[in-house]
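The primary structure of each chain is shown beneath.
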Amino acid sequence: MSRARHYLVLGLDPGIASCGFALLDMTDHRILEMGAHLFDAPQEDKTKVSLATSRRMARSTRRNTLRTRMRLKHCLQLLKDAGLVPADAQKGWLQSQKGDKPVLKLRARGLNMLLTDRQLAQVLYSICSHRGYIPHGEGRAGQTDDAEGRKVLNAIKKNRMSLEEGHYRTVGEMFNAVGKYRNSSGEYENCVLNSQLQDEVRTILAAQRDLGNPKATQQLEDDYIQCLTWEKPALEHDQRVYDLVGACSYFPDEKRAADADVTSQLCRAYERLKHLVIVSPDATERTLNQEQVNGYLKVLFSPTPLPRNKDCKVTYQRIRQDLELSALDRFKGIDQDAEKSAEVFAPRAWRSMRNSDVDPELLQRMLEDRTLGDAVCEALTYSSSEASLAEQLDGLDLTEDEAASLFGVPFGSKVFSGYGNRSLKALNLLVDAFEDEDVHTLAQAEDACGLLSLRLSDRGVRGTLLPPYSTYDPTCNNPVVLRALARMRRIVNAIIRIYGVPDEIHIELGRELKQSKREKDLVTKRNRANEAANKRYAKQASEVLGIDPDQVPGRVIRKLSMWDDQDGRDAYTGQPIPIEQLIRDDRCCEIDHVLPYSRTYDDSRANKVLVFAKSNQDKRERTPYEWMTSGEPGAPDWTEYQARVLSSVKSHRKRNNLLNKCLDSDAQAQFIARNLNDDRYMSRAVKNYLEDCLAFPEDGRKKHVSAVAGGATGNLRWVWGLNYGGNNSKDRADDRHHAVDAAVIAACSDATVKKVAEARALGRNTFRQVKTDRLSQTQPWPSFAIEVDTRRNSVVPTRMVSHGVTGRLFEDTLYHLEGFTNDKGRYPLVRAGERTVKKGNVVLREDGSAKLVDGMAFLRLWLDPDAKGRAGKKGKWYAEPVYYADMAAIQDGSYVPRACKIHVARVNWEPVPDSAMRLEPIVLFSGDVVTIDSYIGRYKSFSISPCRLIFESLTGADVQGSVFPCTPGGWSAETHIATLQEDCLGRCYNCLCIDPSTDTFAYLG
């Protein structure tokens, strides 16, 4: 394809579980590729927790269980060597029997009375099995980031006070007085420190020696304490973790610095303070001068708490007060509600050291000598135990008292964890550059110190294919992001191999990828509040209109919401709007763009108000300021309007729009750039990934990749009629909406959005007529929307299918087995006194308990061509589910394939006949595309009770149900079954015949 004649634009819509794509030929006006690729997000379905986190927690539990078992085994051997336990005894010998005193009473009794050998052994073994809490860098104040950990530390603090106030000698004596020492599920009220149990053991053994017990020797005490306190060596672990720290993004030979380092915190403080932009009412912008920046740095890094500012915070509200800003001045990019409490920057590591009573003179010395400060913070980040921290601090220029004070810092918290992507060498250069008053941005600082040319030096030369994102950005360790971008990379490279590198790439990231967890939580909270409010408005309107709330038009609900926000008044004139008239008469009031959409492309809620229709007509395509100061008769008074806005409008952004006095060409360009381009961190990161790694055609363009804002594409999709849900909304139940989104994203250029804005500027009635004609003049070419609609009907979403055979073997619940109910093998299982009967996949254990098998790895279909099937047909099919729990038996050769039988438990299934096993089976994994004769569908799962395969539509829109031949008992030797190998672009589906009216597919291959 000649690049001189064809201009290609690729649109991408990557999310955490999907990636839509569309390639447009803007020269020949054709859609070359359009599709959607689906994959499973590496998250738990219910909790949305990363699978890596779940696996890590399960792995940690297994290791802790193993260590506890080995520790108790060693303890039992110590007791045998001391002569307290017979040499041939097992741990069951120590279990309480009828007539024995409770171990808790023995722990208190042993302080005053001689214990028998068995009683003393029971006490020591019991303490070893519940050895208390061992601190790991929580500091003197017991600080931790974990909510459960805070409960434990609070309980320990409370029990320590009870021990002192009750004058108890040991915690065992205290718990004996209370009558309880074991915690119930989810409770931590009886937690104590391991050191307290050590003191108790020493006290009991000393008392027993004084009472004449010859076996309670000092050697037993020393060996037992060593066993009680044994932990996995921290020094080796810390070194292995540090070895994983990557290289600096500027200097590949330098290690990255810890986030807690003084220089690292100082550099980030400079960035935040110097990037702070104050926007005046006339839209002019200014930044903090060097003197102001230095003053706030002294506050942030003060070695001692300040009067009336104990945490030494620098908030936006404080800056507003210090600079005596007016109510009309705002901080760029900061919401007014967040401004009241939000900090410009919080040096959390420095604050933690200051709050932990570290010597202020040491903190001042660390600030003046950043080499020492960085070394101390590196040690706190590196260490996971006090022994490790002591080794790291050894050799630094610290007095004994200064080093001792550092052990009170909570170095095990998240504040002292993690490394950035810049080395100390680069950070020092940046800090020195930021000290120049002419440097206001990170890019300027990089340029001033010579780092700008080094920023991408280790990422290689641009090529025709995308490299893995992990090699481009080694600092990214988010499995959700890595998988999403890996699938996007596969699609981009597949398109490049066919068509070459596109001239432009437009990308809109899914909300889940762009937002942090806090942002997602805020959006969820806001959505719930809006949903409740909309229900209230619908009910209010339904009572006036005499219809059901579900029948109330969406535009009425939107108007009621704005009416509520504006206290029932016209936003421009201040006149009251009768609510019944608003509901009954659709032409009474209109929703107007405060700053004209044709000049700003701003379609957000902050740029919309409810006004009378006459106010909208009189204002026309002007700002409120331009209208009210024009001298036209009947225009509202600007002074009165300004006072009303200042007193009633809460939203900072809407207030600035309503009071905007300067919408010249420069201001319009800023509005347009903000509303068309997404400059959030993740969008910029992916945009840079594409720009830095792909060799785009040399056409003189500076910008080849655009991160498109979701609001712009959403507006285009609505205007062009490409929403397929109710009330012209997106149909998220149909996976093909990702492909439609990608096509709109590809078409979303500045020129296209400008055409839509100009069409809307024609006026309400004219725009309606243009919209009826599908707004052909606003599209990339006149038939674009029609072609997208046609291509959508033939799009078959592809899916990444995992063919891995590893997964969770059993469900967590452990049952007690009572026996069989009948010959079909149903099991009466008992848990917590509740009896249930399971006829499914139950595995019996040697101790008489039972577990349910969890995951199915794959399904094998066996054909016996010589057997007689149903209704006299030749050939019989057998379905054999294979579970993750079977993989060990398959590997050691002891596994016997068994065919599923309707309504029969798995242990009673008969082996697959040898005549069937002579042929290779058909292996199906969840997500595989399967053809059965002329039918095609996506295999989802297998139900063992009815022995039935479950399929879903290729579009994901519905389940095909009984139309699909999904019962093996109805198949014969003539039934042709095969799996279809999918490619990410969906070209494998050229052999399908699709009926759009019924959303069904027929296989023609």
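Residues numbered from 1 in each chain as written. Predicted model: local features only at pLDDT ≥ 70, side-chain atom pairs only at ≥ 80, totals over all residues. Heavy atoms only, no water.

Engineer: I tried to follow the overall build of the protein on my own but got confused; where do I start?
Structural biologist: The helix and strand inventory of the protein stands at 39 helices and 25 strands. Burial analysis of the protein (1005 residues in total) assigns 46% to the buried set. A fraction of 65% describes how many contacts in the protein between residues 6 or more apart in sequence connect residues 24 or more apart. Roughly 50,800 Å² of accessible area belongs to the protein as shown, and the carbon and sulfur atoms make up 49% of that amount. (Helix = DSSP H or I, 4+ residues; strand = E, 2+ residues; numbered from the N terminus. Buried < 20%, exposed > 50% of the residue type's maximum accessible area, 1.4 Å probe, protein only. Contact = heavy atoms within 4.5 Å. Areas by Shrake-Rupley, 256 points an atom, 1.4 Å probe, with all protein chains shown as cover.)

Engineer: Looking at this model, I keep getting lost on the packing of helix α33 (residues 710-719) against helix α34 (residues 737-747). Mind explaining?
Structural biologist: Each pair of packed helices can be described by the angle between their axes along with the distance between the axes. Interhelical geometry of α33 versus α34 gives an angle of 105 degrees and a closest axis separation of 9 Å. The angle between α33 and α34 places the two elements in the roughly perpendicular class. Touching Thr 713, Leu 716 and Arg 717 of α33 are Asp 741, Val 744 and Ile 745, all from α34. Here the residues of the contact of α33 with α34 are counted per class, giving three nonpolar, one polar and two charged. (Axes fitted to C-alpha atoms, helices over the stretch in contact; angles between N-to-C directions. Parallel < 35°, antiparallel > 145°, perpendicular 65-115°, else oblique. Nonpolar A, V, L, I, M, F, W, Y, C, P; charged D, E, K, R; others polar.)

Engineer: Please clarify how the environment of Gln 617 should be interpreted in this entry.
Structural biologist: Topologically, Gln 617 is positioned in helix α27 (residues 613-619). Using a relative accessible area of 53% as the deciding quantity, one classes Gln 617 as exposed. In this structure the C-alpha to C-alpha distance between Gln 617 and Asp 592, which are 25 residues apart in sequence, comes to 9.7 Å.

Engineer: Any chance you could explain the packing of aromatic side chains here in plain terms?
Structural biologist: By convention here, two paired aromatic rings are described through the distance between centres and the angle between planes. Per the counting criterion, the structure on display carries 16 aromatic pairs. Aromatic side chains Tyr 469 and Tyr 472 sit 5.8 Å apart centroid to centroid with 45 degrees between the ring planes, which places their arrangement in the tilted category. Of the two residues, Tyr 469 and Tyr 472 both sit in helix α20 (residues 469-472), three residues apart, roughly one turn of that helix. Comparing Tyr 469 with Tyr 472, the two get one shared label, buried. (Phe/Tyr/Trp six-rings, centres within 6.5 Å; stacked < 30°, edge-to-face > 60°.)

Engineer: Hey, could you run me through the sheet that holds strand β6 (residues 330-331) in this one?
Structural biologist: Hydrogen bonds along the backbone pair up the strands of a sheet, which may run parallel or antiparallel. Read across the sheet, three strands follow the order β5-β4-β6 without closing on themselves; strand pairing throughout is antiparallel. Either end of the sheet is taken by a strand with one partner, and the two such strands are β5 (285-287) and β6. Note: strand β4 (residues 277-279) against β5, three bridges, orientation antiparallel. The residue of β5 that forms the bridge with Val 277 is Thr 287. (Pairing = 2+ DSSP bridges.)

Engineer: Even after reading the chapter, I still don't get the sheet that holds strand β18 (residues 874-883), so can you show me in this structure?
Structural biologist: Strands sit in the order β18-β17-β19 across an open sheet of three strands; the sheet is antiparallel. Of all strands in the sheet, those bounded by a partner on one side alone are β18 and β19 (922-924). For this sheet, the mean inter-axis angle between neighbouring strands, taken without regard to orientation, is 25 degrees. Of the strand pairs in this sheet, strand β17 (residues 856-868) and β19 are connected by three bridges, and their pairing is antiparallel. Across the sheet, Arg 860 pairs through a bridge with Val 923, a residue of β19.

Engineer: Hey, could you run me through the side chain of Glu 343 in this one?
Structural biologist: Mapped onto the fold, Glu 343 is located in the loop between α12 (336-339) and α13 (348-355). Within the structure, the side chain of Glu 343 is placed 2.8 Å from the side chain of Arg 351, a separation counted as a polar contact. If sequence neighbours within four positions are ignored, Glu 343 has contacts with Arg 272, Lys 313, Val 314, Thr 315, Tyr 316 and Arg 351. (Polar contact = N/O pair within 3.5 Å; in protein donor to acceptor, adjacent residues only side chain to side chain.)

Engineer: What is the right way to look at the pairing of β18 in this model?
Structural biologist: Regular strands place their side chains on alternate faces of the sheet. Within β18, eight of the ten residues are buried, which leaves it mostly tucked inside the rest of the structure. Here β17 pairs with β18 via nine bridges, running antiparallel. Across the sheet, the residue bridging to Leu 859 is Pro 881, located in β18.

Engineer: Would you take a moment to explain the packing of helix α1 (residues 51-81) against helix α7 (residues 218-228) for this structure?
Structural biologist: At a minimum axis separation of 10 Å, α1 and α7 run at an interaxial angle of 175 degrees. The orientation of α1 with respect to α7, classified from their angle, is roughly antiparallel. Touching Arg 71, His 74, Cys 75 and Leu 78 of α1 are Leu 220, Asp 223, Tyr 224 and Cys 227, all from α7. When its residues are assigned to classes, the contact of α1 with α7 shows five nonpolar, one polar and two charged.

Engineer: Any chance you could explain the pattern of salt bridges here in plain terms?
Structural biologist: Where charged atoms from two side chains of opposite charge come close, those side chains can pair. Following the criterion strictly, the structure yields 31 salt bridges and no others. For Glu 343, the salt bridge identified is with Arg 351, shortest N-O distance 2.8 Å. Given a relative accessible area of 10%, Arg 351 falls into the buried group. Residues Asp 586 and Lys 559 are paired through a salt bridge, measuring 3.1 Å at the closest nitrogen-oxygen approach. Residue Asp 586 is found in the loop between α25 (579-584) and β8 (589-593), and its partner Lys 559 is found in helix α24 (residues 554-565); the two are separated by 27 residues along the sequence. (Salt bridge = Lys/Arg side-chain N within 4 Å of Asp/Glu carboxyl O.)

Engineer: What exactly am I supposed to notice about the pairing of strand β2 (residues 18-25) here?
Structural biologist: With eight of eight residues buried, β2 is to be regarded as a mostly interior element. Of the two faces of β2, the one carrying Ser 18, Gly 20, Ala 22 and Leu 24 and the one carrying Cys 19, Phe 21, Leu 23 and Asp 25 are both buried. Note: strand β1 (residues 8-14) against β2, seven bridges, orientation antiparallel. By the bridge assignment for β2, Asp 13 is matched with Gly 20. Where β2 meets strand β3 (residues 30-38), eight bridges bridge the pair, whose relative direction is antiparallel. Of the residues in β3, the one forming a bridge with Cys 19 is His 37. Linking β2 back to β3 in an antiparallel pair, the connection comprises four residues, with His 29 at a positive phi of about 55 degrees.

Engineer: Please explain the environment of Gly 20 as it appears in this structure.
Structural biologist: By secondary structure assignment, the location of Gly 20 is in strand β2. Counting along the chain gives 719 residues from Gly 20 to Ala 739, while the straight-line C-alpha distance between them is 4.6 Å. Those residues in contact with Gly 20, other than ones at most four positions away along the chain, are Gly 11, Leu 12, Asp 13, Gly 35, Ala 36, His 738, Ala 739 and Ala 742.

Engineer: How do you make sense of the side chain of Asn 723 when you look at a structure like this?
Structural biologist: Mapped onto the elements of the fold, Asn 723 is located in the loop between α33 and α34. A distance of 2.6 Å separates the side chain of Asn 723 from the side chain of Arg 717, its partner in a polar contact.

Engineer: Would you mind going over unusual backbone geometry with me for this structure?
Structural biologist: Note: most peptide bonds trans; most residues except glycine with negative phi. We note that His 29 has phi near 55 degrees; this positive angle belongs to a residue other than glycine. Looking at where His 29 falls in the secondary structure, it is placed in the loop between β2 and β3. A positive phi angle, close to 55 degrees, is found at Glu 324, a residue other than glycine. With respect to the helices and strands, the residue Glu 324 is situated in the loop between α11 (316-322) and β6.

Engineer: Any chance you could explain the environment of Ser 945 here in plain terms?
Structural biologist: Residue position: Ser 945 is located in the loop between β21 (935-943) and β22 (948-952). On a C-alpha basis, the gap between Ser 945 and Ala 905 in space is 8.2 Å, while along the polypeptide they are 40 residues apart.

Function cannot be read off these values alone, since they describe shape.
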